[in-house]
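# Observations on chain architecture
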Amino acid sequence: MTIVQFAPFQSLVQPAFWHALTNLKIDVLRLSDDALPVSATYTTGRAVKDRESGKEIALGCNLSVGGDAFEDSPQVPHNAVLAKGLFKNFNTIEDFKNADKTALFNHLTDEIWKSITVDKSTALLTRFLLITFADLKKYKYFYWFAFPAFATKPAWEIDGEWSGAHEALGDDALSAIQAQLHESLHPFFLVRTKDGKTEIAPVEEYDAFFAGIPPEQRTIGFVDPSAQPNNPGWPLRNLLAYLLALHPEVAHGVRILCWRDVDPPAPGSPADGWKSRFGVVKQGAGAAAPAALEKPAAVGWEKNIQGKLGPRVADLAPMMDPTRLADQAVDLNLKLMRWRILPALDLDKVANTRCLLLGAGTLGCYVARTLMGWGVRTITFVDSARVSFSNPVRQPLFDFEDCLNGGKPKAACAAEKLKKIFPGVNATGHNLSIPMPGHPIPPASVAQAKKDVAALEALFDAHDAVFLLMDSRESRWLPTVLGAAKGKLVLNAALGFDTFLVMRHGARTPDAQGKRLGCYYCNDIVAPTDSLTDRTLDQMCTVTRPGLASIAASTAVELLVSMLQHPEGIHAPAPPPQTSSSSGDAALPPGTESILGIVPHQLRGFLAQFRNVPIVGPAYSKCTGCSETVLKAYETDGFDMLLRAFNETEFLPSLTGLDKLYEEAQATLENDDFVDAEEDDF
């Protein structure tokens, strides 16, 4: 008799599995190398017909692993068998190479043998092992499958030859089996014909189902993933081990049905249209009674494409869509932060924050790049200028070509460059002038100004955070009013020669103590006026130390992210003045820190001394930017109120009461002068 040669499983890994593994590694496993459950499926063996010779060519005995392999309830295709396995990922390639694979394999065979001998179950007969190492920077995945199968000694032999199942069982019996398996698929099943009726049952019901049935009429079936005519699939090895352990009499011969028919033959097709195979197998000569439930040796590590025992490599980088590669790669550094340093970091909250940048100059370029580094996906620029030849060396989103032919519009050009850096960013640019107090609007331009204000209001409504990155003091007034009225997160960055200011505007509503933080204008006792007219060249250009803008811009973005990570968000309390990183945590009042540290109100940077000073400034009741008087006037009168602020120098002081404050101060000074004069006379 001929020894039975089994067709081994071959792993078929779908590309979606590697994406699932990538997400699992970054978001769930991180540095853990704990073993996890994994699922796979296999179906009946398939063959294709060679067009030239007309012969059937058997396809591989595949075990398929897909994108839902790590889910608790994976989607199992119709007529497919679910196989449960053990998955273990290693953190380094050295750990993968040096892993005790024998111990892992033996652990799995112990589980299978216990399931057979103790639980008397076939549930783990197709259990498998998958070990991996994922190089997520290069998108290379090293993996090795093991499909443990017990090697019974002496080996199983086929009595005669494998033949078509229709020859042994007949068409009626096969049709009955197919109908019952179609209704409820069993990976391993029993077959009997009793009173002219063919029935199937789970293998676990062997004794009861075959009671009164002669051995020569008992048939054991299994869903066979092999299409080789003389080589049954790998699951049969463990099925025979199960039968031999629990029903030793099968050693003298057992009828095996290799089920390979998903559908019955088409009507009118020849009798040999059934693909299933049948044979009688028995242990070879010299078979002795096995020791009481002693676990036999097992084999099953998969060979690589060179035909040797060793791992395989899946290199997805050349196959992947570059845009998708970039989308996963840009967030890699951020997600790695959560592995050890900041497990509670809410990256989704940062990524989903829609940011409006007013100004696409030096500050705007650096702010945008830092926002992208934090994974922000929506960035909108507003600017009315064009790229000039002095810009590219200081503003990293522009180059020489952008300056030609009068220069490209800055806002649209900056947005275009962000998309070149990362195509997945939602970047847009708006060429828009922001009306300012102290810059009267001629009657002929009022309609355009109203249109510009409406466009700016719509942009504020569509965004969550606003950065004020303009060159002049008065250009920040309208955005300050809009940000306060609409409850937006407003970040301000302003530059001197070697100093900078970065601040967040306070919320409109006071805290529990009735206090609220101020805005950019709260420290002023004068209204914003024209600061742009009659300036020399050095005053018209932003003359700063070249490294200052990137420091201020990065600080502004980090302040936003710290605020987003604070549970109170825009209402996050500011730490006391002079709080620095060197201060002990015990000195900080409760609730002043986010997971990233303190959330200061203002930071004054002094590059000459290489130091930053945190400052807290309360809101001012007569502020021309965020006081309730100004906000209610805007909400009541809308553009008409704004137009008066643009055109009338005294409107804002009169509205807020700063004019009376100024008059009182002048009167006090005059009285002081009078006293001084009287004293001089003496």
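Residue positions are counted from 1 within each chain, in the order its sequence is given. Confidence filtering applies because this is a predicted model: local features only for residues at pLDDT of at least 70, side-chain atom pairs given and counted only at 80 or more, and all residues used for totals across whole chains, interfaces and linings. Hydrogens and water are ignored here; the side-chain numbers use all heavy atoms of the structure.

### Observations concerning the overall build of the protein
A run of DSSP states H or I qualifies as a helix once it reaches four residues; a run of E qualifies as a strand once it reaches two. Both are numbered from the N-terminal end. Check the secondary structure of the protein and you find 20 helices and 28 strands. Each radius of gyration is computed over the set of C-alpha atoms, and the globule rule expresses the reference value as 2.2 Å times the number of residues to the power 0.38. Computed over the C-alpha atoms, the radius of gyration of the protein is 39 Å, more than 25% above the 26 Å expected from 2.2 N^0.38 for a compact globule of 682 residues. If one aligns the C-alpha atoms of the protein with their principal axes, the spans along those axes are about 135 × 60 × 45 Å. Buried means the residue's accessible area, taken with a 1.4 Å probe over protein chains only, is under 20% of the maximum for its type, while exposed means over 50%, and partly exposed covers the values in between. In the protein, which comprises 682 residues, the proportion classed as buried is 48%. A 1.4 Å probe and the Shrake-Rupley method give the accessible areas. Residues count as covered only by the protein chains that appear here. About 32,900 Å² of surface is accessible on the protein, with carbon and sulfur atoms providing 53% of the total. Positive: Lys, Arg. Negative: Asp, Glu. His and the chain ends are not part of the count. Where a charge sits is defined by one atom per residue type, namely NZ (Lys), CZ (Arg), CG (Asp) or CD (Glu). With 64 positive and 80 negative side-chain charges, the protein shows a separation of 7 Å between the mean positions of the two kinds.

### Things to note about a nonpolar patch on the surface
On the surface, Val48, Ile57 and Leu59 cluster together into a nonpolar patch covering about 210 Å² of accessible area. If you trace the backbone, leucine 59 turns up in the loop between β5 (56-58) and β6 (62-65). Patch rule: a residue counts if its relative accessible area is over 30% and it has no salt bridge; like charges are joined within 9 Å, and nonpolar side chains (Val, Leu, Ile, Met, Phe, Trp, Tyr) within 5 Å. The salt bridge criterion pairs a side-chain nitrogen of Lys or Arg with a carboxyl oxygen of Asp or Glu, the two atoms within 4 Å.

### Describing the packing of helix α14 (residues 477-485) against helix α17 (residues 628-637)
Geometry is summarised by axes, namely lines fitted to C-alpha atoms with helices restricted to the contacting stretch, and by angles between N-to-C directions that run from 0 to 180 degrees. Contact geometry of α14 with α17 gives a least axis separation of 10 Å together with a crossing angle of 85°. By the angle between their directions, the pair α14 and α17 is classed as roughly perpendicular. Within the contact between the two elements, α14 uses Trp477, Val481, Leu482, Ala484 and Ala485 and α17 uses Val630, Leu631, Tyr634 and Glu635. Lys, Arg, Asp and Glu make up the charged group, whereas Ala, Val, Leu, Ile, Met, Phe, Trp, Tyr, Cys and Pro make up the nonpolar group; the residues left over, Gly among them, are polar. Classifying every residue of the contact of α14 with α17 gives 8 nonpolar, no polar and 1 charged. Roughly parallel here means an angle under 35 degrees, roughly antiparallel means over 145, roughly perpendicular means 65 to 115, and every remaining angle is called oblique. Working rule for contacts: check all heavy atoms of both residues, and any pair within 4.5 Å makes them a contact.

### Remarks on the confidence of the model for the protein
pLDDT measures how confident the predictor is about each residue, on a scale from 0 to 100. Looking at the protein as a whole, the pLDDT averages 90, with 92% of positions reaching at least 70. The low-confidence segment residues 536-540 (pLDDT under 50) makes 3 contacts with residues lying over four places distant or belonging to another chain. Contacts for the low-pLDDT stretch residues 677-682, under 50 throughout, to residues beyond four places or in other chains number 0 contacts.

### Here's the deal with the side chain of threonine 44
Assignment of secondary structure puts threonine 44 in the loop between β3 (36-42) and β4 (47-49). With sequence-adjacent residues up to four places away left out, threonine 44 is seen in contact with Val223, Asp224, Pro225, Trp259, Arg260, Asp261 and Val262.

### Quick look at the pairing of strand β8 (residues 128-135)
Of all 8 residues in β8, 8 are buried; the element is thus mostly enclosed. On β8, burial covers both faces: Phe128, Leu130, Thr132 and Ala134 on one face and Leu129, Ile131, Phe133 and Asp135 on the other are all buried. Of the pairings in the sheet, the one linking strand β7 (residues 81-90) to β8 comprises 6 bridges and is parallel in character. Directly across from phenylalanine 90, in β8, lies its bridge partner phenylalanine 133. Think of it this way: DSSP has to see at least two bridges between two strands before they count as a pair.

### A look at the pattern of salt bridges
Under the counting rule described, the total for this entry stands at 17 salt bridges. When the shortest N-O distance is used, the salt bridge between arginine 127 and glutamate 111 registers 2.7 Å. Here glutamate 111 lies in helix α3 (residues 101-117) and arginine 127 lies in the loop between α3 and β8, a separation of 16 residues in the sequence. Given a relative accessible area of 12%, arginine 127 falls into the buried group. Using a relative accessible area of 25% as the deciding quantity, one classes glutamate 111 as partly exposed.

### Some points on the packing of helix α13 (residues 446-461) against helix α18 (residues 639-647)
Taken N-terminus to C-terminus, the directions of α13 and α18 make an angle of 115°; their axes are 11 Å apart at the nearest point. In this structure, the crossing between α13 and α18 has a hand that is right-handed. For the pair α13 and α18, the contacting residues are Val446, Ala449, Lys450 and Val453 in the first and Phe639, Leu642, Leu643 and Phe646 in the second. By the definition used in this description, the sense in which the near helix is turned from the far one sets the handedness, with an anticlockwise turn below a right angle giving left-handed and a clockwise turn giving right-handed.

### Let's talk about the packing of aromatic side chains
The pairing test for Phe, Tyr and Trp rings, Trp by its six-membered ring, is centres within 6.5 Å, and the orientation test on the planes gives stacked under 30 degrees, edge-to-face over 60, and tilted for anything in between. Overall, the coordinates contain 21 aromatic pairs when judged by the stated rule. Pairing phenylalanine 70 with phenylalanine 87 gives two aromatic rings, centres 4.9 Å apart and planes at 70°, and the pair type is edge-to-face. Placement of the pair is phenylalanine 70 in the loop between β6 and β7 and phenylalanine 87 in strand β7, with a sequence separation of 17 residues.

### Observations regarding a negative patch on the surface
There is a patch of like negative charges on the surface, built from Asp33, Asp34, Glu94 and Asp95. A residue is classified by how much of its surface remains accessible, and aspartate 33, at 34% relative accessible area, is partly exposed.

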